[in-house]
Amino acid sequence: MSSYLLGLACRECGAAYPAEARSICDECFGPLEATYDLERLRSEVTRETIEGGPASLWRYQPLLPATRDPWVDLGDGFTPLRRAERLGAEFGLPKLYLKDETRNPTHSFKDRVVSVALARARELGFDTVGCASTGNLANAVAAHAAAAGLRAVILVPAGLEAGKIASTAVYGAALIEVDGTYDDANRLSGEAADEFGWAFVNVSLRPYYVEGSKTIAFETAEQLGWRAPDHVVVPVASGALLTRVGKGFRDLHEAGLLEEEPNVRVSGAQAAGCGPVAEAFERGTEEIRPVRYPDTIAKSLAIGDPADGVYALREVRSSSGAVAAVSDEEIVEAVGLLARTEGLFTETAGGVTVATLSRLAVAGVIRPDETVVAYITGMGLKTLEAFGERFRPARTISPKLEALAEALPW
Amino acid sequence: MVTVRLHSAMRNLVGGSPRVEVQGATVREALEHLAGRHEDLARRLFDRDGGIRRFVNVFVEDEDIRHRDGLDTEVEDGQTISVLPAVAGGG
């Protein structure tokens, strides 16, 4: 057990539970969260101890609910935080940074949550893990389970991109396609976890799993010189990443690792074809209307019934952020713009984030004086279908110098 | 009769059985019928206004009742109502 983990507590009613494989409160069915011995953490953990740790998210082990497991850690996290001057110039944001999550072992931020969840799964003695996934989580669970010698059961909705399917199946996982949406697959995974006692990372191990998301905020602060940014833009699927990014900065301060109390504005990015959180934000309500049939090329964000949707709304509203929902055309345009200006090829979800950044900058929600961090959560090679004919050779020519001179676009 | 299938966290409230047979022509009638026999279950399922609590999802034949008529969703003899915790999943 991680030396600072105390147990689990209900986010709604505060009921306490031991640190076992359990995700909901018996009393109110509210979500459970990991609790830590903050007092001891403050007195024992310093910036220096963290900076001396491994070049992975496990440098933050004292703030995580598991101990680094060499069988599980594939070098997850500790991705580059890049100054994005050329993209920032497009939006009038001179202090724009990008957190490049494509650099994770399976090329998305999901390696963070899985690294933590599977380390905990092994501590708790599970031999079978699993998830319901829109693709990136499937890749991450399959790869980490393979490396750790665990069995993996992975449920995905029908119709995912070929790259996401191949980079799950290749690791030998039991990859099951469910004839339905992500929410259908997710409901089935909840019933399967309950029935078969498997460690579904985003169901039975959810309190541990979500803690992995906080490391993206920890790293951001460390990479900014142990300072929190002013504004972050985070893609929203279930809403778990957005809520933990906000909380991650506060936790770091509570642990005594940030001098200044963070005051981070948190904004969310969704696709118009599946934007239940953006829609509730617009309507000014906490009642999230689930989307039965998501219709967007941003399949990794196509969760119609976001588990942490209400908490994401609260984080955005209490921090004076905003949520936008962008069209498929804007997504593809933003993927191209990011690649052309920064040399970074993101999947559709990253396009959603960059398009939202543009929208919020134009609307004046994100201000030029703010230090802004946008989270580029996954890589473009996984969603090639979504780009159609958009990114293609300019011409096909015969191998002759004259033909090349003629074909050049400038 | 319709069948109500409960998540394991709720089973001990109805005597440990994962499936319970109840009467009712709508989800509301069926769940109220069940809750009427088990007071502890009632306060976990329903909020003060008689609606389903935020952290509970209800399905009829695998379809979320929020995509149908909510608690007024009709149920037929032999159909199954599933009650599951709402907070699960993520990408």
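Along every chain, residues carry numbers that run from 1 in the direction the sequence is written. All chains are assigned letters beginning at A, and all ligands numbers beginning at 1, according to the order in which they are written. Totals for whole chains, interfaces and linings use all residues, but because this is a predicted model, local features are given only for residues with pLDDT of at least 70 and pairs of side-chain atoms are given and counted only at 80 or more.

Concerning the overall build of chain B
Now for step 1: Only DSSP runs of H or I with at least four residues qualify as helices, and only runs of E with at least two residues qualify as strands; both kinds are numbered from the N terminus onward. Looking only at helices and strands, chain B has three helices and five strands in total.
Now for step 2: Beginning at the N terminus, the succession of helices and strands in chain B can be written as β-α-β-α-α-β-β-β.
Now for step 3: The globule rule used here is 2.2 Å times the number of residues to the 0.38 power, and the radius of gyration it is set against is calculated over C-alpha atoms. Against the globule reference of 12 Å for 91 residues, chain B gives a C-alpha radius of gyration of 12 Å, in line with a compact fold.
Now for step 4: Dimensions of chain B along its principal axes, counting C-alpha atoms only, are 35 × 25 × 25 Å.
Now for step 5: Here a residue counts as buried when 20 or more other C-beta atoms sit within 10 Å of its C-beta, as exposed when there are 12 or fewer, and as partly exposed otherwise, the C-beta atoms being derived from the backbone. The 91 residues of chain B split such that 40% are buried.

What to know about helix 14 (residues 348-362) of chain A
Owing to its 3.6 residues per turn, the α-helix aligns residues three or four sequence positions apart on the same side.
Residues and elements named next belong to chain A.
Now for step 1: The end-to-end C-alpha distance of helix 14, which contains 15 residues, comes to 21 Å, matching closely the 21 Å that a straight helix rising 1.5 Å per residue would cover.
Now for step 2: By the criterion of burial, helix 14 is predominantly enclosed, with 14 of the 15 residues buried.
Now for step 3: Within two residues after helix 14, Gly364 carries a phi angle of roughly 80 degrees, on the positive side. Expected helix span is taken as 1.5 Å per residue step, with the number of steps being one fewer than the number of residues.

Brief notes about the interface of chain A and chain B
Now for step 1: Residues are scored as being in contact if the C-beta atoms we place from backbone atoms lie within 7 Å. Each partner contributes to the interface: chain A provides 29 residues, whereas chain B provides 19 residues.
Now for step 2: Every element with two or more residues in the side of chain A that touches chain B is listed here: helix 5 (136-148) and helix 7 (182-196) of chain A.
Now for step 3: Top contributing element to the side of chain A that touches chain B by residue count: helix 7 of chain A, with four residues.
Now for step 4: Here the residues of the side of chain A that touches chain B sort into 12 nonpolar, 10 polar and seven charged. Residues were grouped as follows: Ala, Val, Leu, Ile, Met, Phe, Trp, Tyr, Cys and Pro as nonpolar; Asp, Glu, Lys and Arg as charged; and all remaining residues, including Gly, as polar.

Quick word on the confidence of the model for chain B
Now for step 1: Values of pLDDT, the confidence the predictor places in each residue, fall between 0 and 100. Counting all residues, the mean pLDDT for chain B is 91, and 99% of those residues have values of 70 or more.
Now for step 2: If you check the scores for this complex, the pTM reads 0.96 and the ipTM reads 0.90.

Notes on the nonpolar core
Generally speaking, nonpolar side chains in soluble globular proteins are found buried as a group.
Now for step 1: Formed by 157 residues in total, the largest nonpolar core has its most connected members in A:Val141, A:Ile154 and A:Val201.
Now for step 2: Every residue in contact with A:Ile154, bar those within four places of it in the chain, is listed here: A:Gly130, A:Cys131, A:Ser133, A:Ala138, A:Val141, A:Ala142, A:Thr168, A:Ala173, A:Ala174, A:Leu175 and A:Ile176. Linking buried Ala, Val, Leu, Ile, Met, Phe, Trp, Tyr and Cys residues through C-beta atoms within 7 Å yields a set, and such a set is a nonpolar core.

Thoughts on the packing of helix 5 of chain A against helix 6 (residues 162-169) of chain A
A pair of packed helices is characterised by two quantities: the angle between their axes and the separation of those axes.
All names here are of chain A.
Now for step 1: Closest axis-to-axis distance for the helix 5/helix 6 pair is 8 Å, and the angle between their directions is 15 degrees. By the angle class used here, helix 5 and helix 6 are roughly parallel. With respect to the hand of their crossing, helix 5 and helix 6 are arranged in left-handed fashion. Contacts between helix 5 and helix 6 pair Ala138, Asn139 and Ala142 from the former with Lys164, Ser167 and Thr168 from the latter.
Now for step 2: For the contact of helix 5 with helix 6, the residue count by class is two nonpolar, three polar and one charged. Axis angles are defined between N-to-C directions and span 0 to 180 degrees, where every axis is a line fitted to C-alpha atoms and, for a helix, only to the segment in contact. Here the word oblique covers every angle except those under 35 degrees (roughly parallel), over 145 (roughly antiparallel) and from 65 to 115 (roughly perpendicular). Handedness of each helix crossing follows the sense of rotation of the near helix against the far helix: counterclockwise by less than a right angle gives left-handed, clockwise gives right-handed.

Topic: the packing of helix 13 (residues 328-342) of chain A against helix 14 of chain A
Residue and element names in this part refer to chain A.
Now for step 1: For the pair helix 13 and helix 14, interaxial distance at closest approach is 7 Å and the crossing angle is 90 degrees. Here helix 14 runs roughly perpendicular to helix 13, going by the angle between their axes. Between helix 13, through Glu330, Ile331, Val332, Ala334, Val335, Leu337 and Leu338, and helix 14, the contact on the second element is made entirely by Thr348, Gly350, Gly351, Val352, Val354, Ala355 and Ser358.
Now for step 2: Of the residues in the contact of helix 13 with helix 14, the class split is nine nonpolar, four polar and one charged.

Considerations on the sheet that holds strand 1 (residues 5-10) of chain A
Residue and element names in this part refer to chain A.
Now for step 1: Strand pairing is assigned whenever DSSP detects at least two bridges linking the two strands. An order of 2-1-3 is seen for the three strands of this open sheet, with the pairing classed as antiparallel. This sheet does not close on itself; its edge strands, each paired only once, are strand 2 (16-17) and strand 3 (32-36).
Now for step 2: Bridging between strand 1 and strand 2 involves two bridges; their strand directions are antiparallel. The residue bridging Leu8 from the neighbouring strand is Tyr17, located in strand 2.

Topic: helix 11 (residues 276-283) of chain A
Residues and elements named next belong to chain A.
Now for step 1: For helix 11, the set of buried residues is Pro276, Val277, Ala278, Ala280 and Phe281.
Now for step 2: Buried residues along helix 11 sit in contact with strand 11 (265-271), helix 12 (309-318) and strand 12 (323-326).
Now for step 3: One or two residues past the end of helix 11 sits Gly284, with phi positive at roughly 70 degrees.

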